[in-house]
Amino acid sequence: MTEEASGRLEELPDVSRRRFIAGAGGTVAGAAAVRAVDNVLLGYGEFGYGTNLLEQDLTGLVADSLRPWYDERVAGHRLRVVDGGIAVSTADGSRRLEFGADAGAAADLDADLGLGGRLEALYADASDLVAGDYEFVFDEPATFFERVADAEPRPEAVTALRGQTDRQVDPDVVEQFAGVSPRRPAALADALVGAFREHASYDIPRYVAGSVEDNVLLGAADLRSPLEGPVNFEAMLAGDDAGLFCYEFAIRSMEALQAVAPHVQRTPVAAAYVRDARHKHVYTGVASAVRENGDLVVPMTFLDYTHSTLYDDLGATPVAGRGLAAYDDRHRATHVRW
């Protein structure tokens, strides 16, 4: 890279990202553009190859990565899902309840410790989750939230679905960012569309730099790093013209949706990181847990805050649509991480 080119690169962070977006057309070299088209537009089932969410065996894909995990304090007692059962701290030490053998004991201990039914519910739901005795149901976002609202919520099962990824940000900061409390996940999921559009943009400068780095320079120079900056909620609220990549939109949305415990949410939800290796894309999975006719059901949907933000950045929403709903034939999944 020449000294002149390097100097220009160093100046890029001072250029408004939205002004860059307005003039970004045609800036990628031909080889990078061809590769970008292949990465972004092809492989969802066209021309005899590829697949998408509507065609994939999502149950197998999602279940393979699901590892129920639960470690909560309820009314002063620690409840944990352990191998083959639940460990409960008591005044006398610890009590272990074995899955498949201690359902009655779980109900009795719940009443004795004043746990308000949470231990009994956890025992029933964790038993089914660990045994694989549940059903996944996939739908577009509106249908997902309607189904969960009409069924018996199972917040302890949702807590187990989250694993160790929840409650990592201040819920007050999330509410300041989105204008909606994390206690209202259905409203929050929708409000994040406008919040990301207002406080951030898709990082086209960094994408272009990375495309040139990968496809033209073949990794010979690092063009991405000079364009990186803080992209947490505080940075976005500070108005620093934050530019996010797809995985950063996914992580921020997961943090927002899981900022409070499931048992205080109107619609208990767990969020997942969904990766599409074929298209180098990441988006958000949202799941819940309900009982329908006594059976444990895990409804799930998919959201794409990259698309909803990028379409607005480019003024393409009249043609491309809102971009949030991702359970369609333009998304695919390689791996799901809870």
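Scroll up for the structure.
Within each chain, residues carry numbers counting from 1 in the order of the written sequence. For this predicted model, a pLDDT threshold of at least 70 governs which residues receive local features, and a threshold of 80 or more governs which side-chain atom pairs are given and counted, while totals over whole chains, interfaces and linings are taken from all residues. Side-chain calculation: all heavy atoms of the structure are included, whereas hydrogens and water are not.

Caption draft 1: Layout of the packing of helix H13 (residues 246-257) against helix H14 (residues 305-313). Angles shown run from 0 to 180 degrees and are taken between the N-to-C directions of axes, each axis being a line fitted to C-alpha atoms and, for helices, limited to the stretch in contact. Helix numbers and strand numbers start at the N terminus; a helix is a DSSP run of H or I with at least 4 residues, a strand a run of E with at least 2. Contact geometry of H13 with H14 gives a least axis separation of 8 Å together with a crossing angle of 120 degrees. One element, H13, and the other, H14, form an angle in the oblique class. From H13, Cys246, Phe249 and Ser253 reach across to H14, where they touch Tyr305, Thr306 and Thr309. Put simply, angles under 35 degrees are roughly parallel, angles over 145 are roughly antiparallel, angles from 65 to 115 are roughly perpendicular, and the rest are oblique. The criterion used for residue contact is that any of the two residues' heavy atoms lie within 4.5 Å.

Caption draft 2: A look at the side chain of Arg162. Along the chain, the position of Arg162 falls in helix H8 (residues 155-162). At 2.8 Å, the side chain of Arg162 forms a polar contact with the backbone oxygen of Val260. If near-sequence neighbours (up to four positions away) are discounted, Arg162 is found in contact with Arg167, Leu257, Gln258, Val260, Ala261, Pro262, Gln265, Val269, Ala270 and Trp338. A 3.5 Å cut-off defines polar contacts: any pair of N or O atoms within that distance qualifies, except that in protein one atom must be a possible hydrogen donor and the other a possible acceptor, and neighbouring residues in sequence count only when both atoms are side-chain atoms.

Caption draft 3: Spatial organisation of the packing of aromatic side chains. Planes of paired rings set the category: under 30 degrees apart is stacked, over 60 is edge-to-face and the rest tilted, where pairs are Phe, Tyr or Trp rings (Trp by its six-membered ring) whose centres lie within 6.5 Å. Summed over the entire model, instances satisfying the criterion amount to 13 aromatic pairs. Ring centres of Phe177 and Phe196 lie 5.5 Å apart, and the angle between their planes is 65 degrees; this geometry places the pair in the edge-to-face category. On the criterion of sequence distance, the pair formed by Phe177 in helix H9 (residues 171-178) and Phe196 in helix H10 (residues 185-199) is long-range, its members being 19 residues apart. Per residue, the accessibility class of Phe177 equals that of Phe196, and both read buried. Plain terms: the ring middles of Phe302 and Tyr327 are 6.1 Å apart, the flat faces sit at 20 degrees to each other, and that makes the pair stacked. Remark: Tyr327 occurs in the loop between helix H15 (317-320) and strand E13 (335-337) and Phe302 occurs in strand E12 (residues 295-303); sequence separation between them is 25 residues. Note on Phe302: relative accessible area 0%, which makes it buried. Aromatic ring contacts, followed pair by pair, group Tyr134, Phe136, Phe138, Tyr283, Phe302 and Tyr327 into a single cluster. Two thresholds decide whether a charge sits over a ring: the Lys NZ or Arg CZ must be within 6 Å of the ring centre and within 35 degrees of the ring normal. Stacked on the ring of Tyr273, the Lys or Arg Arg337 has its end atom at 4.3 Å from the ring centre. Each residue is placed in one exposure class: buried if its accessible area under a 1.4 Å probe, protein chains only, is under 20% of its type's maximum, exposed if it is over 50%, and partly exposed if it falls in between.

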